[in-house]
Amino acid sequence: MFVEDDKSIALDIKHKLKTLGYVNSIAVSSGEEAIKKVGELRPNLVLMDIFLAGKLNGVETAKYIQEKFNIPVVYMTGHTDAETLQQTKATKPYGYVFKPFTEIQLATVIETAMYRHQVEKELLEAKQWLSTTLQSIGEAVIITDKAGLITFINPTAELLTEWTRAESLGQDINEVFNIVRETNHTPTENPVIKALRKGTVIGLKNNHLLITKHNLKKPVISNAAPIKNNFNEIIGAVLVFRDMTNEKAMEQRQKLALELGRQLTMLLDSKDLLAETVNRLKNTFGYYHTHVYLFYEVGNGQAQQGSLVVSEGTGDAGDIMKKQRHHIPLNAKRSLVARAARSHRPVVVNNVTQNNSHLPNPLLPDTRSEAAIPLLLGDRLIGVLDIQHDKLRHFNAEEIRMLETVADQLSVALSNAQLFTENARRSNIIENSSDLIALIDLNNNTIIDINPAGVRMAGYHKLEDIIGLPITELCPTDKIMRFKQQVIQSEAKQNLWRGENLLRRVNGVIVPIDQTIFVIRNAQGAPHMLATIVRDITQRKQTDETLQRYAERLKILRDIDRSILTAQSSEEIAQVALKHIQKLVTCSHANVMVFDLKKATATLLASTGETKQKLKLQYQLVNMAIVESLQKGQVYSKDNLSSDSSTPFEQAIIMEGLKSYISVPLIAQGELIGALNLASDETNDFAPEHIDIAREVADSLSIAIQQTRLYKQIQQHTIELEQRVEERTTELQSFAYSVSHDLRAPLRAIQGFADALLEDYATDLDLVGQDYAKRVATAAQRMDTLIQDLLIYSRLSRDDIQLKPISLTHILGDVLTQLEVLLQDADINISQPLPDVIGHYSTLVQIVSNLVANAAKFVTPSTHPTINIWTEKRDHMVRLWVEDNGIGIAPEHQERIFRIFERLHGVETYPGTGVGLAIVQKAIVRLQGRVGVESTLGQGSKFWIELLKG
Amino acid sequence: MATNTILLAEDEPNDVFLIKRAFQKANLKNTIQVAEDGDMVVAYLSGEGQFANREEYPLPALLMLDLKLPRRSGLEVLMWLKQQPNLKRLPAIILTSSSETSDINQAYDLGANSFLIKPVSFQTLVEMVKTIDAYWINLNKRPRFRDY
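Residues numbered from 1 in each chain as written. Chains lettered and ligands numbered in written order. Predicted model: local features only at pLDDT ≥ 70, side-chain atom pairs only at ≥ 80, totals over all residues. Heavy atoms only, no water.

Peer 1: Any details on the overall build of chain A? Residues and values, ideally.
Peer 2: Broken down by element type, chain A carries 27 helices and 35 strands. Scaling as 2.2 N^0.38, a compact globule of 950 residues should have a C-alpha radius of gyration of about 30 Å, whereas chain A reaches 64 Å, well beyond that. With the C-alpha coordinates of chain A rotated into their principal frame, the extents come out at 205 × 100 × 60 Å. Counting across all 950 residues of chain A, residues that qualify as buried make up 44%. Here chain A displays about 50,200 Å² of accessible surface, and carbon together with sulfur accounts for 52% of that area. The centroid of the 103 positive side-chain charges in chain A is displaced by 7 Å from the centroid of its 113 negative side-chain charges. (Helix = DSSP H or I, 4+ residues; strand = E, 2+ residues; numbered from the N terminus. Rg over C-alpha atoms; globule rule 2.2 N^0.38 Å. Buried < 20%, exposed > 50% of the residue type's maximum accessible area, 1.4 Å probe, protein only. Areas by Shrake-Rupley, 256 points an atom, 1.4 Å probe, with all protein chains shown as cover. Lys, Arg positive; Asp, Glu negative; His and termini not counted. Charge placed at Lys NZ, Arg CZ, Asp CG, Glu CD.)

Next up, the structure:
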């Protein structure tokens with residue numbers, strides 16, 4: 001842009017600029033217009049005519065533009081009077097060009113001005129950047145000249161030294177940065193002075209104190225560096241320093257925390273430990289309140305459940321909370337403590353008044369910030385350490401780290417203490433304990449310490465003899481080493497093992513022990529030592545073994561009893577007994593023999609061991625003295641078999657290298673039936689207890705064998721009986737067959753010929769003769785009916801009957817059809833429902849048809865027969881009633897009528913065979929039903945049958 | 001060769017007499033040939049010995065078979081009959097005193113065409129033979145079997 005009020009000159013300038021390549025030059029003619037356009041267009045350079053028409057002249061305009069817009073201005077002037085030049089100089093122009101000028105002159109001035117402006121701009125920016133940086137950095141910075149007088153001080157330095165910028169500028173550095181040694185407060189050479197003197201960087205470590213303007217002492221670290229110019233001359237120094245007050249304090253706290261932790265791990269009583277922790281924490285670090293919650297798990301541990309219970313707390317508030325057993329459920333949403341417990345991370349609230357998740361505790365009204373630190377042992381939550389402070393924003397990251405350190409140590413200490421109390425509560429009576437208590441070095445597995453009882457138990461005389469021995473010397477099994485391996489691998493998870501183990505005494509005798517091993521951890525929670533408590537359980541083991549033997553004895557007896565029940569053979573029973581007795585009585589050989597006293601033989605029933613194959617199946621009983629003693633129920637025992645032994649059995653077992661044996665009698669119902677023989681390859685091998693066991697087994701065995709024999713006899717008997725029944729049945733069947741076939745043939749002949757006589761010789765017979773012939777025919781007919789009925793009756797007991805649901809409707813339908821002729825004059829009323837019953841079709845038809853036929857038959861000649869049939873449900877049965885209006889049955893006869901051939905009337909009056917109701921009775925029994933009658937003489941009868949519901 | 005001959009296997013002379021008399025009373029003209037035991041039935045049907053003369057002893061249209069026969073029981077005869085390729089289709093009616101279920105079932109199992117119980121009453125017998133003739137000889141369509 002150029003400012004020129006002469007239009008012709010302006011045109012010329014524009015032209016020249018164009019020639020120089022500044023195509024877009026802008027021409028304005030007044031100062032006001034120039035300021036306005038510069039504001040809008042921001043040109044790179046302004047060419048300014050000094051004398052301008054209008055209110056503002058060129059100098060004023062240039063001044064405004066440079067100050068306001070920082071745009072370089074070059075004056076164009078025709079006058080070069082000294083006054084004007086003086087005026088323009090004050091505006092610090094970037095150049096002058098004197099009218100009239102050539103293009104070259106113009107170009108040179110413009111380029112120079114633009115370059116200078118660019119450099120100035122960069123320099124300014126750099127200065128501003130440096131200044132801003134120095135002003136704002138956290139480090140304190142002071143710059144001095146070469147004499148050590150202050151030329152710059154940043155706000156951090158002002159704050160630290162308590163010297164303001166105004167006060168300090170120009171001051172001697174020794175005044176403002178006044179330092180002494182931390183140890184003895186004696187002055188030391190100022191690093192700035194030293195740097196100026198030596199020309200090198202001087203650092204002061206953190207054991208120096210800065211004395212502020214108001215005489216406060218602050219620990220600082222500082223660095224002073226000389227500032228050199230291009231000629232390597234020292235022109236000043238820069239001092240950078242930092243306040244170490246907080247760091248110092250934190251360092252101190254960390255030290256305290258570590259110390260606290262170390263001391264805590266030495267406390268083995270949980271109560272002391274917790275009390276010590278909360279009080280020491282509070283006092284050492286100046287907390288408002290400190291308490292510890294311990295975590296108590298509830299349920300199976302998978303579903304995170306449980307409570308955090310205040311176990312220790314500082315001051316009265318702590319006591320009250322402890323007494324109240326103040327607790328927080330693990331799932332409490334807002335609780336700081338519960339959140340820390342759940343997340344396994346510290347939870348901090350630095351401004352409790354603004355945090356709505358904080359629940360104010362009325363006992364602790366001054367709490368402003370609070371931190372909850374979880375107590376963890378590996379992944380396991382032990383509790384929460386809760387710290388409260390009466391200042392806002394107290395807990396920074398450093399502090400939390402420190403508290404975590406304390407919490408970790410506390411966790412380990414607690415764990416150790418708990419283990420110790422759990423397993424060695426009697427630590428003060430370890431010395432007097434009758435149990436072996438020892439400490440084992442985890443590195444080389446040697447015994448570090450052991451109590452007097454332990455020395456005795458292991459069979460040593462002196463403590464020195466046992467200290468330093470590998471624990472494997474005492475406990476030869478790998479159980480301890482396996483536990484150690486688990487402890488090392490699984491870290492915090494495994495802490496205790498308890499079980500049975502073996503202890504080797506110094507004399508080599510091994511005794512059974514009950515052993516507890518637990519880990520003692522160091523401050524870092526790493527396994528440090530193993531402790532073990534050992535109790536000699538020889539006595540208990542012996543008792544156990546005795547009990548076990550008794551149990552075994554019972555088991556054998558039970559097994560033998562079971563064999564009886566399953567009706568196995570005598571051989572199998574004997575085998576079972578032998579199998580079990582070997583578990584109780586150690587013997588090389590056992591066998592069971594049964595005796596035949598008449599033949600004086602013993603037959604081998606079952607046998608065990610290697611001699612099994614070598615024994616004969618039968619031995620002669622030659623020594624009757626032995627047999628007699630056995631018969632009396634005495635056990636015969638031979639403690640030392642010698643070659644002059646009398647019996648073939650003894651000789652046989654001597655051949656097999658057996659040296660002693662016992663023979664236990666098997667006695668059933670007072671009779672000697674055999675013997676249980678146990679033999680050993682050692683002499684005198686059978687103790688009284690063993691003989692007792694053998695006796696018990698022998699007793700059971702006798703009964704079992706006897707039972708089996710009886711069972712077999714009964715079985716044989718049953719088979720014979722069944723055969724006989726079968727034979728009888730077959731006989732009966734062929735008898736019935738004969739009856740039905742052969743007995744009827746002559747009847748047919750009698751009937752047939754009587755009929756032929758009547759037809760063919762009617763003329764030769766008089767009326768009496770004809771009547772006789774008719775009677776012959778009728779008698780034959782009746783006998784046939786009788787035979788038929790008897791056959792039906794006998795068939796009822798012989799035929800197989802399959803029961804299934806039957807429709808009574810069908811049955812009655814069939815019966816009415818069968819009896820159509822007989823019933824043609826009767827009134828039959830059948831009432832629904834007729835439910836299904838369980839029965840057999842043709843059998844049931846027989847029953848019902850007999851009842852209905854009787855109902856129709858037994859009426860006085862003048863009565864019109866009326867029969868009512870209906871059913872009635874009785875529990876799970878159906879009762880079918882058949883009621884008639886007949887002659888009735890006197891009470892005294894009501895039972896008789898169901899017997900076979902029982903008749904109450906002459907055939908002439910009421911025809912019948914006397915078998916009908918007997919058939920009904922027999923048939924209903926086969927259908928698992930019942931039959932009965934209710935009747936009054938002369939007033940009809942009500943017969944009923946009952947069958948299972950279908 | 002259509003024939004009205006009935007072979008009656010029956011050992012009881014009284015029964016033979018009465019059955020023949022029943023046919024007579026019923027005015028039936030069937031020829032009744034009688035075999036007195038099981039073997040004779042087999043011989044007759046096989047055409048052995050005297051029975052080779054089919055003029056005199058023609059193959060019957062129907063066999064009336066008692067179960068209880070000397071030498072060879074009715075069931076044995078039935079079993080034999082049903083195994084003869086040429087004779088197996090000859091209708092066989094069991095006419096017996098036995099009403100035993102086992103007899104009835106066995107007879108049907110062996111291929112009996114009918115099972116009748118001999119009635120004691122002569123009048124019933126007459127009715128029975130009438131029915132037999134009406135059904136088995138006249139109404140029933142006879143099977144074909146080869147003659148020799």
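Peer 1: Residue-level account of the overall build of chain B, with values.
Peer 2: The secondary structure content of chain B amounts to five helices and five strands. Listed N to C, the secondary structure of chain B is β-α-β-α-β-α-β-α-β-α in terms of helices and strands. For a compact globule of 148 residues, the expected C-alpha radius of gyration is about 15 Å, and chain B comes in at 14 Å, within 12% of that figure. With respect to the three principal axes, the spread of C-alpha positions in chain B is 40 × 35 × 30 Å. Burial statistics for chain B: of 148 residues in total, 53% are counted as buried. For chain B, contacts bridging at least 24 residues in sequence account for 66% of all contacts bridging at least 6. In the form shown here, chain B has an accessible surface area of approximately 7,100 Å², with 48% of it arising from carbon and sulfur atoms. (Contact = heavy atoms within 4.5 Å.)

Peer 1: If you had to explain the interface of chain B and chain A to someone new, which residues and values would you point to?
Peer 2: When the parts of a complex come together, some accessible area is lost, and that lost area is often taken as the interface size. Counting from both sides, the interface comprises 23 residues of chain B and, opposite them, 23 residues of chain A. A combined buried area of about 2,000 Å² lies between chain B and chain A, and 47% of that area is made up of carbon and sulfur atoms. Counting every contact that joins chain B to chain A gives four salt bridges. As a salt-bridge pair, B:Lys25 and A:Glu759 come within 2.7 Å of each other at their nearest N and O atoms. At the surface where chain B touches chain A, the tally comes to eight residue pairs in polar contact (both at pLDDT 80 or more). Going through the elements one at a time, helix H1 (13-25), helix H4 (101-109) and helix H5 (122-139) of chain B are the ones with two or more residues in the side of chain B that touches chain A. (Buried area = accessible area lost by both parts, 1.4 Å probe. Salt bridge = Lys/Arg side-chain N within 4 Å of Asp/Glu carboxyl O. Polar contact = N/O pair within 3.5 Å; in protein donor to acceptor, adjacent residues only side chain to side chain.)

Peer 1: Give a detailed account of helix H22 (residues 648-655) of chain A, specifying residues and quantitative values.
Peer 2: Residue and element names in this part refer to chain A. Among the residues of H22, Phe649, Glu650, Ala652 and Ile653 are the ones counted as buried. For H22, the buried positions fall inside an angular range of 160 degrees around the axis, keeping them on one side. On the buried face of H22, the contacting elements are strand S23 (589-596), strand S25 (618-620), helix H21 (624-631), strand S26 (636-638), strand S27 (660-668) and strand S28 (671-680). Phi turns positive, to about 85 degrees, at Gly657, one or two residues after H22. (Arc of directions from axis to C-beta.)

Peer 1: Tell me about the pattern of salt bridges, residues and numbers included.
Peer 2: Summed over all chains, the structure comprises 27 salt bridges over all chains. With a closest N to O distance of 3.1 Å, A:Arg482 and A:Asp478 form a salt bridge. Here A:Lys599 ties to A:Asp596 by a salt bridge, and the two come within 4.0 Å at their closest N and O atoms. Take A:Lys599: its relative accessible area is 61%, and that puts it in the exposed class. A:Asp596 sits in the partly exposed class, given a relative accessible area of 29%. Ionic contacts of the salt-bridge type, sharing partners, join the residues A:Arg748, B:Glu10, B:Asp15, B:Asp66 and B:Lys118 into one network.

Peer 1: Provide a residue-level description of the pairing of strand S17 (residues 380-389) of chain A, including the pertinent values.
Peer 2: Along any regular strand, the residues point their side chains to alternate faces of the sheet. Residue and element names in this part refer to chain A. Counting buried residues in S17 gives nine out of 10 residues, a clear majority hidden from the surface. Bridging between strand S12 (residues 289-297) and S17 involves six bridges; their strand directions are antiparallel. Along S17, the bridge assignment pairs Leu294 with Gly383. In the sheet, strand S16 (residues 369-377) pairs with S17 via nine bridges, with the strands oriented antiparallel. Bridge pairing in S17 places Ala372 opposite Asp386. (Pairing = 2+ DSSP bridges.)

Peer 1: Any details on the packing of H1(B) against H5(B)? Residues and values, ideally.
Peer 2: Packed helix pairs are specified by the crossing angle of their axes together with the interaxial distance, meaning the distance between the axes. All names here are of chain B. Running from N to C, H1 and H5 cross one another at 65 degrees; their axes reach a closest spacing of 9 Å. The angle between H1 and H5 places the two elements in the roughly perpendicular class. The handedness of the crossing between H1 and H5 comes out as right-handed. Residues Leu18, Ile19, Arg21, Ala22, Phe23 and Lys25 of H1 touch H5, and the partners they reach there are Phe122, Leu125, Val126 and Val129. (Axes fitted to C-alpha atoms, helices over the stretch in contact; angles between N-to-C directions. Parallel < 35°, antiparallel > 145°, perpendicular 65-115°, else oblique. Left-handed = near helix turned anticlockwise from the far one by under 90°.)

Peer 1: How would you explain the nonpolar core if you had to name every residue and give the values?
Peer 2: Residue and element names in this part refer to chain A. With 41 residues, the main nonpolar core has Leu844, Ile847, Val848, Val852, Ile867 and Ile945 as its most contacted residues. Taken together, the elements giving at least two residues each to this core come down to helix H25 (808-818), helix H26 (841-857), strand S32 (866-874), strand S33 (877-883), helix H27 (916-926), strand S34 (930-935) and strand S35 (941-948). With nine residues, H26 is the largest single contributor of residues to this core. If you look at the next biggest cluster of nonpolar residues, it comprises 30 residues, including Ala590, Val664, Ile673 and Ile705. (Core = buried A, V, L, I, M, F, W, Y, C linked by side-chain atoms within 4.5 Å.)

Peer 1: Please set out the packing of helix H2 (residues 31-41) of chain A against helix H3 (residues 58-69) of chain A residue by residue, giving values where relevant.
Peer 2: Residues and elements named next belong to chain A. Where H2 meets H3, the closest approach of the two axes is 10 Å, and the angle between their N-to-C directions is 15 degrees. When the axis of H2 is compared with that of H3, the two are roughly parallel. Note that H2 runs across H3; the crossing there is right-handed. Residues Gly31, Ala34, Ile35, Val38 and Gly39 of H2 pack against Thr61, Tyr64, Ile65 and Phe69 of H3. Classifying every residue of the contact of H2 with H3 gives six nonpolar, three polar and no charged. (Nonpolar A, V, L, I, M, F, W, Y, C, P; charged D, E, K, R; others polar.)

Peer 1: Would you mind going over the packing of aromatic side chains in detail, with residue names and values included?
Peer 2: Applying the stated rule across the entire model yields 14 aromatic pairs over all chains. Plain terms: the ring middles of A:Phe285 and A:Tyr287 are 5.9 Å apart, the flat faces sit at 45 degrees to each other, and that makes the pair tilted. (Phe/Tyr/Trp six-rings, centres within 6.5 Å; stacked < 30°, edge-to-face > 60°.)

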